[in-house]
Structure formats: C-alpha cells, structure tokens
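If you want the building blocks of each chain, they are given just below.
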Amino acid sequence: MHNWSFTEADREFIARDIEAFLPDRIFDAHAHLFCHAHFDPLPAGYRDMPARLDLASYYNFIDWIHPGGRTRGGLFFGLAFNGDRERNNQFVALEVRQSQREGDFGQMIIAPDMTAERIYQTVKDEGFVGLKCYHTMAKDCERTWAAPIESYLPEHQVAVAGELGLSITLHIVRDRALADPLNQAAIRRYCENYPDMRLILAHAGRGFNPWHTIEGIKNLRGLDNVFFDTSAVTEAGAFEAIIDVLGQERLLYGSDFPVSHSRGRCVAIGDSFHWIYADEIKLAEKHTKLRPVLVGLESLRALRLACWRMRLGAGQIEDIFYNNANQLFIHQS
Ligand SMILES: [Zn+2]
C-alpha cells in the first residue's frame with residue numbers, strides 16, 4: 001500500500017493539475033501522527049513509512065502534495081486505534097503543545113468504553129480540541145464495518161463534546177454510509193441534542209462511492225453543526241453534493257496524511273467502492289503505461305473538479321482550504 005516516494009509523475013501532475021488551484025493558506029483538517037512503536041504488531045502497509053511521523057515530518061512530507069510551505073496548521077490525531085492509543089494520544093498532544101504554529105490542534109482517540117469523566121479530564125489535561133472515534137473499536141460487533149454509530153461513539157461521549165464545544169471526527173461505516181437511514185438518524189439525533197458539538201464526517205461522509213453521499217446528504221439539511229472533510233476521497237461527486245446541498249462552508253480540506261502518501265485511488269464500483277493501489281495493478285496497459293500518483297494528489301484533483309463544476313470563486317475555495325477551519329478552531333482558541 002505504501003512505497004513512500006515522490007516521483008516524476010507526481011511532479012508533473014502537480015504542475016499540470018494542482019498547483020494553480022491551491023490557495024496560499026491551507027489548513028489540513030484530517031492528519032494522523034504516530035510512531036511505529038505505537039503498534040504491536042505494525043500493520044504490513046506501514047513498514048515503508050518513516051518510523052516517527054511527528055509534526056516536523058508531517059510539515060516536511062505534506063509539501064509533497066501542497067508545495068511551497070503553504071500549510072499553516074492542521075487537526076491532528078493518532079492512528080493506533082487498536083494499538084497503544086494512550087501513548088499515541090500523548091504523542092499527538094505533546095507535539096501540538098510544543099508547536100510554534102498557532103494553527104496546530106489535536107484530537108483525542110476515544111474508545112467506546114471510556115467514561116465521560118475520563119474524556120473530560122484527558123481533554124482538559126492534554127489540551128485536545130476534539131475527539132476521534134473509529135469503528136474498529138466498536139463494542140458487541142462481529143463485523144465492525146457494519147457497526148451502528150452508537151456502538152463506537154456512544155451518546156455519553158457526544159455529551160462531553162457538547163459540554164466542552166469539541167469537534168468529533170466520525171468516519172461512518174455500514175454498506176451505504178450516508179445513504180443508510182440508521183446512520184442518518186444517529187447523526188441527526190446527536191447534532192440536534194448537542195448543538196455545541198461540531199461533527200466532522202470524515203471522507204465526505206465516507207463518500208468513497210459518491211452516490212451514497214449524493215443520496216443521503218439532503219437528510220442532513222437544517223443541521224448547523226455538521227461538517228465534512230475531503231480526506232482521501234478521489235472522486236468529485238460527494239464534494240459536489242455537499243457544496244450543493246449544505247454549502248462550501250461545511251466542507252473542510254483534509255489530506256488523511258499518511259494515507260495521502262500512498263499511491264493509487266479509490267473508485268466507485270457498483271453500490272460499493274474499491275481501493276486500487278499502484279503496486280497491485282498491471283502498469284503496462286495495452287494503450288499506454290499507467291503512471292499512478294499519490295492519493296493526496298488524486299483527492300486534490302477531485303476537489304478541484306468539484307469546485308470548478310460548482311462554479312466556486314477564489315474566496316469560496318479558500319473557505320474549504322482555510323476559512324472554515326479558521327472559524328472552527330483557530331478563531332476559538
Ligand atoms: Zn484518516
């Protein structure tokens with residue numbers, strides 16, 4: 001999955017398709033920081049990555065996909081959901097506290113069995129601005145890809161976020177993602193009951209198959225505290241649907257670093273989706289030689305297409321890349 005390299009194909013792609021589209025200031029609303037040591041065992045796909053992905057290496061490597069030092073801050077969280085998430089949380093908190101940038105913020109990985117008191121105290125002690133849950137920690141679920149939201153983000157945790165005005169980055173699952181009525185109902189209920197909690201639906205509402213977001217987004221109309229990040233989505237349709245139905249003020253650019261630095265893309269197939277990685281496909285096609293680029297670059301091109309098709313102006317594109325996050329995080333601190 002990872003080869004961790006920057007190629008001539010990436011360089012050409014940025015020059016042709018990306019650079020002129022990028023605003024001068026970028027806030028990355030979805031990026032992971034961790035060390036190999038937080039995992040036991042280390043997942044096979046992570047072996048090619050540097051062993052320590054701290055803020056310094058993030059800023060170093062993110063310049064591969066948005067060059068020129070334009071990345072001004074980010075919302076960072078761990079990745080060791082089923083590894084040593086305590087140490088991963090402490091690592092992220094320390095990195096962010098020690099940062100000289102005013103735009104660097106941390107979210108705390110939460111497991112569903114954590115009490116409200118523990119989350120409250122850890123957020124206060126470590127200076128987190130939000131929470132990050134994940135379905136692989138869902139309780140009482142054999143197949144966590146089908147988990148209802150409540151099984152990995154129980155209500156008492158959302159209540160803490162409401163009380164403290166925290167963000168929650170939520171990667172919904174189940175086959176049809178945002179088109180799933182159970183998911184829609186849980187999102188509505190949480191957002192309505194805890195208006196000071198800000199819910200960020202990761203991956204454009206897990207719109208890896210854009211049709212799921214296109215079909216479901218209208219059911220979130222009227223909610224003031226639901227947002228989406230663009231992370232690792234490489235087709236334009238879900239972005240377009242969000243901009244069209246809720247407005248560009250609800251879409252936050254996110255790289256999903258270090259997923260951004262894997263090579264390939266995700267495509268809709270039938271009613272589902274599939275990840276295609278460069279090292280798993282035959283690059284010598286009949287008509288041409290395939291030159292896959294980094295996922296983060298595919299995602300930026302998809303976002304560019306959505307902005308173009310929705311006729312967004314420069315100021316509205318800046319909303320997605322910076323202003324929306326500025327209002328949510330930088331302005332508040
Ligand atoms: Zn992620």
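Below, the structure is looked at part by part. Computed from a prediction, not measured in an experiment: that's the story for all the values here.

This part covers the packing of aromatic side chains. Tallied over the full model, the rule gives 21 aromatic pairs. Ring centres of Phe-34 and Phe-39 lie 5.6 Å apart, and the angle between their planes is 85°; this geometry places the pair in the edge-to-face category. Like Phe-34, the residue Phe-39 is buried in the burial classification. Lying over the aromatic face of Tyr-59, Arg-101 brings its terminal NZ or CZ to 3.4 Å of the ring centre. Above the plane of the ring of Phe-227 lies Arg-250, whose end atom (NZ or CZ) is 5.7 Å from the centre.

Moving on to the pattern of salt bridges. Per the stated rule, a full pass over the model turns up 22 salt bridges. Here Arg-87 and Asp-84 are joined by a salt bridge, their closest N and O atoms 3.7 Å apart. What makes Arg-87 partly exposed here is its relative accessible area of 41%. Residue classification places Asp-84 among the partly exposed residues on the basis of a relative accessible area of 29%. Overlapping salt bridges bring together Arg-16, Asp-17, Arg-265, Glu-298, Arg-301 and Arg-304 as one network.

Another point: the pairing of strand β4 (residues 71-77). Of all seven residues that make up β4, six are buried, and the element is covered over most of its length. Pairing analysis gives five bridges linking strand β1 (residues 26-32) to β4, with the strands arranged parallel. Counterpart to Ile-26 in the pairing with β4 is Thr-71. As judged from the four bridges shared by β4 and strand β5 (residues 103-109), these two strands associate in the parallel manner. The residue of β5 that forms the bridge with Gly-73 is Gly-103. Chirality of the crossover, the property in question, places the unit of β4, helix α3 (residues 85-98) and β5 among those that are right-handed.

Around the zinc ion, the donor atoms from the protein are His-30 (NE2), His-32 (NE2) and Asp-256 (OD), and they sit 2.1 to 2.2 Å away. In terms of primary sequence, the donors binding the zinc ion are separated according to H-x1-H-x223-D. A residue is classified by how much of its surface remains accessible, and His-30, at 2% relative accessible area, is buried. Looking at His-32, the relative accessible area reads 4%, which means it is buried.

Taking strand neighbours across the sheet as the criterion, the eight strands line up as β1-β4-β5-β6-β7-β8-β9-β10 in an open arrangement whose pairing is parallel. Edge positions in the sheet fall to β1 and β10 (251-252), since each of these pairs with one other strand and no more. Along the sheet face, α3 touches β4 and β5 and points at about 165° away from the line of β5.

Checked against the element boundaries, Asp-229 lands in strand β9 (residues 226-229). Within the buried set, Asp-229 has no salt-bridge partner at all; the shortest N-O distance to an opposite charge, 7.7 Å, is to Lys-132. There is a polar contact of 2.8 Å between the side chain of Asp-229 and the side chain of His-30. Polar contacts involving the side chain of Asp-229 include one to the main-chain amide nitrogen of His-203, which spans 2.9 Å.

Let's shift gears to the side chain of Asp-28. Positionally, Asp-28 belongs in strand β1. Among buried charged residues, Asp-28 stands out as having no salt bridge; its nearest opposite-charge side chain is Arg-101, 11 Å away. One polar contact links the side chain of Asp-28 to the main-chain amide nitrogen of His-30, over a distance of 3.2 Å. A polar contact is formed between the side chain of Asp-28 and the side chain of Ser-255, at a distance of 2.5 Å. Excluding its chain neighbours within four sequence positions, the residues that come into contact with Asp-28 are Tyr-58, Ile-62, Gly-73, Gly-74, Leu-75, Tyr-253, Gly-254, Ser-255 and Asp-256.

An ideal rise of 1.5 Å per residue puts 21 Å on 15 residues; helix α10 (residues 295-309) measures up with 21 Å between its terminal C-alpha atoms. Among all positions in α10, only Val-295, Gly-296, Leu-297, Glu-298, Ser-299, Leu-300, Ala-302, Leu-303, Ala-306 and Cys-307 are buried. Looking at the buried side of α10, the elements it contacts are α1 (8-18), α9 (237-245), β10, β11 (264-269), β12 (272-277) and α11 (314-330). One or two residues past the end of α10 sits Arg-311, with phi positive at roughly 60°.

We now examine the nonpolar core. Burial of nonpolar side chains together is a common tendency in soluble globular proteins. Membership of the largest hydrophobic core comes to 103 residues, with the highest contact counts inside it found for Ile-187 and Leu-201. Looking at this core, the element that brings in the most residues is α10, giving seven residues. Setting aside residues no more than four positions away along its own chain, Ile-187 makes contact with Ile-149, Ile-172, Leu-178, Leu-199, Leu-201, Leu-220, Leu-223 and Val-226. Core analysis: the next-biggest nonpolar cluster, separate from the first, contains 14 residues, Phe-27, Tyr-322, Ala-325 and Ile-330 among them.

Here β9 shows a buried face lined by Val-226 and Phe-228 and a second buried face lined by Phe-227 and Asp-229. Judged from the three bridges that link them, strand β8 (residues 198-201) and β9 form a sheet pairing that is parallel. Following the sheet pairing, Leu-199 is matched in β9 by Val-226. Here β9 pairs with β10 via two bridges, running parallel. Bridging across to β10, Asp-229 finds its partner in Leu-252.

Reading guide: rules and limits
- Residues numbered from 1 in each chain as written.
- Predicted model: local features only at pLDDT ≥ 70, side-chain atom pairs only at ≥ 80, totals over all residues.
- Heavy atoms only, no water.
- Phe/Tyr/Trp six-rings, centres within 6.5 Å; stacked < 30°, edge-to-face > 60°.
- Buried < 20%, exposed > 50% of the residue type's maximum accessible area, 1.4 Å probe, protein only.
- Lys NZ or Arg CZ within 6 Å of the ring centre and 35° of its normal.
- Salt bridge = Lys/Arg side-chain N within 4 Å of Asp/Glu carboxyl O.
- Helix = DSSP H or I, 4+ residues; strand = E, 2+ residues; numbered from the N terminus.
- Pairing = 2+ DSSP bridges.
- Right-handed = clockwise from strand over helix to strand, strands pointing away.
- Donors = N, O, S within 2.8 Å, 3.2 Å for Na, K, Ca; no water.
- Contact = heavy atoms within 4.5 Å.
- Axes fitted to C-alpha atoms, helices over the stretch in contact; angles between N-to-C directions.
- Lys, Arg positive; Asp, Glu negative; His and termini not counted.
- Polar contact = N/O pair within 3.5 Å; in protein donor to acceptor, adjacent residues only side chain to side chain.
- Expected span 1.5 Å × (residues − 1).
- Core = buried A, V, L, I, M, F, W, Y, C linked by side-chain atoms within 4.5 Å.

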